[in-house]
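# Fold and geometry: a report
Here is what each chain is made of, one letter per residue.
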Amino acid sequence: MGGRVLMVAFHYPPSGGVAAHRPARFAQYLPDFGWDPVVLAREPDPRQPRDDSFPRAPLPLLRSAPWEPSRALGLLPSAWIDPVRRFLCVPDEEGGWRRSLRRLLPRLIREQKPSVLWANSVPPGTLVAAAEAARSAGIPFVADFHNEWTRNMYYRPSTRWHDARHRSLERFVVESARRVVTLNPLHTEDLKARFPSVPCETIENGFDPADHEGTPPDPLRRPRVFTYAGSVYGYQSPRPFLEALSESGLKDVEVRVVGDRFGQFEAGTWPFPVRVERHLPHRELGGVLSASAACFLCLETPAARQLPAKLYEYLGAGRPVFGIVPRGGAADRWIGGAGAGTAAAFEDRGAWVPALQAFVAGLSAWKAPDATAFHRRTQAARLSRVFDEVSR
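Bear in mind the structure is a predicted one, so any value in this text is a computation, not a measurement. (Residues numbered from 1 in each chain as written. Predicted model: local features only at pLDDT ≥ 70, side-chain atom pairs only at ≥ 80, totals over all residues. Heavy atoms only, no water.)

## Examining the sheet that holds strand 11 (residues 294-298)
- Read from one edge of the open sheet, 6 strands run 10-9-8-11-12-13, paired in parallel fashion. Strand pairing shows two members of the sheet lacking a second neighbour, strand 10 (274-277) and strand 13 (341-345), which therefore form its edges. Across this sheet, the average inter-strand angle for adjacent strands is 20°, counted without regard to direction.
- Relative to strand 10, strand 9 (residues 253-258) runs parallel, the two being bridged by 4 bridges. Paired with R256 across the two strands is R275, which belongs to strand 10.
- Of the strands in this sheet, strand 8 (224-229), strand 9 and strand 11 touch helix 8 (residues 282-290), which is tilted by about 145° from strand 8.
- Strand contacts of helix 11 (residues 352-361): strand 8, strand 11, strand 12 (321-325) and strand 13, with the helix running at about 170° to strand 12, the strand carrying the most contacts. (Pairing = 2+ DSSP bridges. Helix = DSSP H or I, 4+ residues; strand = E, 2+ residues; numbered from the N terminus. Axes fitted to C-alpha atoms, helices over the stretch in contact; angles between N-to-C directions. Contact = heavy atoms within 4.5 Å.)

## A word on helix 7 (residues 239-248)
- Restricting attention to buried positions, one finds in helix 7 the residues P240, F241, L242, A244, L245 and S248.
- In this structure, the buried side of helix 7 is in contact with strand 8, strand 9, strand 10, strand 11, strand 12 and helix 11.
- The positive-phi residue at the C-terminal boundary of helix 7 is G249, with phi of around 80°. (Buried < 20%, exposed > 50% of the residue type's maximum accessible area, 1.4 Å probe, protein only.)

## Some remarks on the packing of aromatic side chains
- Scanning the entire structure with this criterion turns up 15 aromatic pairs.
- Where Y154 meets Y233, the ring centres are 6.2 Å apart and the plane angle is 40°; that geometry is what we call tilted. Here Y233 lies in the loop between strand 8 and helix 7 and Y154 lies in the loop between strand 5 (141-145) and helix 5 (160-176), a separation of 79 residues in the sequence.
- For Y233, a relative accessible area of 31% corresponds to the partly exposed category.
- Where Y312 meets W334, the ring centres are 5.1 Å apart and the plane angle is 65°; that geometry is what we call edge-to-face. (Phe/Tyr/Trp six-rings, centres within 6.5 Å; stacked < 30°, edge-to-face > 60°.)

## Topic: the environment of L101
- Mapped onto the fold, L101 is located in helix 3 (residues 95-112).
- Separated by 78 residues in the primary sequence, L101 and P23 have C-alpha atoms spaced 17 Å apart.

## Points about the pairing of strand 8
- Most of strand 8 sits inside the fold, with 6 of its 6 residues counted as buried.
- Burial along strand 8 is two-sided: R224, F226 and Y228 and V225, T227 and A229, pointing in opposite directions, are all buried.
- Once the chain exits strand 8 it traverses helix 7 before rejoining the sheet at strand 9, and the crossover so formed is right-handed.
- Sheet analysis places strand 8 next to strand 11, joined by 2 bridges and oriented parallel. Along strand 11, the bridge assignment pairs F226 with A294. (Right-handed = clockwise from strand over helix to strand, strands pointing away.)

## So, the sheet that holds strand 2 (residues 35-42)
- Taken in spatial order, the 7 strands line up as 3-2-1-4-5-6-7 in an open sheet, and their pairing is parallel. Every interior strand has two partners, whereas the edge strands, strand 3 (62-64) and strand 7 (200-202), have only one. If you compare each strand with its neighbour and ignore which way they point, the axes differ by 20° on average.
- Taken together, the 4 bridges between strand 5 and strand 6 (residues 179-182) define a ladder with parallel strand orientation. Across the sheet, A143 pairs through a bridge with V180, a residue of strand 6.
- The sheet contacts of helix 4 (residues 125-137) involve strand 1 (3-9), strand 4 (116-120) and strand 5, and relative to strand 4 the element is tilted by about 170°.

## Regarding the packing of helix 3 against helix 4
- Close contact between helix 3 and helix 4 brings their axes to 9 Å; oriented N to C, the two are set at 30°. In terms of orientation, helix 3 lies roughly parallel with respect to helix 4. Handedness of the crossing formed by helix 3 with helix 4: right-handed. Contacts from W97, R98, L101, R102, L105 and I109 of helix 3 reach helix 4 at G125, T126, V128, A129, A130, E132, A133 and A137.
- Class assignment of the residues belonging to the contact of helix 3 with helix 4 gives a composition of 9 nonpolar, 2 polar and 3 charged. (Parallel < 35°, antiparallel > 145°, perpendicular 65-115°, else oblique. Left-handed = near helix turned anticlockwise from the far one by under 90°. Nonpolar A, V, L, I, M, F, W, Y, C, P; charged D, E, K, R; others polar.)

## Points about the environment of V181
- Relative to the elements of secondary structure, V181 occurs in strand 6.
- With 21 residues separating them in the primary sequence, V181 and T202 have C-alpha atoms 5.6 Å apart.
- Apart from the residues lying within four places of it in its own chain, the contact partners of V181 are R22, V142, A143, D144, F145, E201 and I203.

## A look at the nonpolar core
- Among the nonpolar cores identified, the biggest contains 35 residues, and L105, L117, F141, F145, V173 and V180 are the most heavily contacted of them.
- Among the elements of the structure, strand 1, strand 2, helix 3, strand 4, helix 4, strand 5 and helix 5 are those that each provide at least two residues to this core.
- A per-element tally of this core places helix 4 first, with 7 residues.
- Apart from residues lying up to four places away in sequence, L105 is in contact with L6, V8, L40, L117, A129, A130 and A133.
- Grouped together as the second largest cluster of nonpolar side chains are 29 residues, A244, V255, F296 and F359 included. (Core = buried A, V, L, I, M, F, W, Y, C linked by side-chain atoms within 4.5 Å.)

Okay, structure coming up:
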C-alpha cells in the first residue's frame, strides 16, 4: 500500500544516544516497503555524545532547537535536581521541545499531508504532543514506546497528583493511537491488560548486519575478551560479572567495558585486565564485538522488565551472551528464547560462578542462532505493515 509517514524523534543522528538508532533505521528502510519518511527531529542534545557514523540515515526535513528552561535545574545542588525536576516537570523536562512540536506539527501535517503520524516516546512528552496533533488533524497515530511510562523502574512521582497526571497522559496517548508499538514483550502484555481495546504489538530493537564484520569467534584466541557495551547507570553495571569472573578461576581473560558515556563506572582492581572506555562511534562497535570471545549483561532485580538494546548488537556480532539478570524477567526470557547464550539469576548469587564456568567451557561448541528476525530491515517491514493497516 505505502504512503508518506511523518516521523517525530527527539533523538536522531548525529545524536549518539541509543534511542537514535530506532527511528534512524526505520527511516532508512521504510522506503523499501513503499513508505516515504518525513522526519522531524530535535537538534542533537549537547548532553548526549555525538555520532556521525550513520551515513545511511535520511536527513530530517526539519530540526527543532528549542530553549529548555529546565536546564536551569543544573544550577541547583546536585541532591536537589532530581526531586525538583520530578515535581516541576510533567511529563518530562523537555517542555521546550513539546511546545515546538505543538507549533510545528500542525504546519507539517498541512504541508506534507502524511498518511500516518509516528512518534517515539523518548521523552514521553513527544507522544503527548503527537497525539494532540494527530487528533486535531484526523490522521492515524502510531505511538512507539521506547520505554515503559508508569511501570518504568525509575518512575517515582512526587505526589498523588503527579501520579494521577502521568497516568492520565499515558491513557490519553494510548487511547489516541490507532496502534501502539513497544520494543518489549512484557510492556506489550501490560498495555494489553490495561487497555484491552487498543491494538498493541511488539517490534523489538534489532541490529543492522552491515554494522558487523560477521567474523566467527576464534576459540583459540587469547586472552579471551568479554565485552560489555553500553551505558552504566541505575540497575545496570558490569560489577556482578566481574565478581563472578574473579571467583571462577579462569585464566588468560580480559574484560572490556565500552560506552560508559556517563563516566559512572570505575574498574577497580581485579585479577585480570579491565579496560573502560567512554562513548564509541557505532560503526566501530562491530569491530570491538568481533574481537570478543563473548559479551555480557548484568541487571539487578528492579530492572526485571528491562530489555537492553545491547543484546541485539551482541547477537548481530555472532557472540554468545552471558547474563546475570532477574529470574523470569525480559532479558532472561529473551536470552533463552533467542538461543543467545546463558542467563544466571541475579537473585541466586551462588549460581553465578558455576554458570559462568559452564558457559566458558561451551564457547567452542556454541553456534550463533538465525537472527534474521532482528535485522533492522525486517523490523522496518513489520512497521510498514502497521502503517498499511492503520491507513486503510
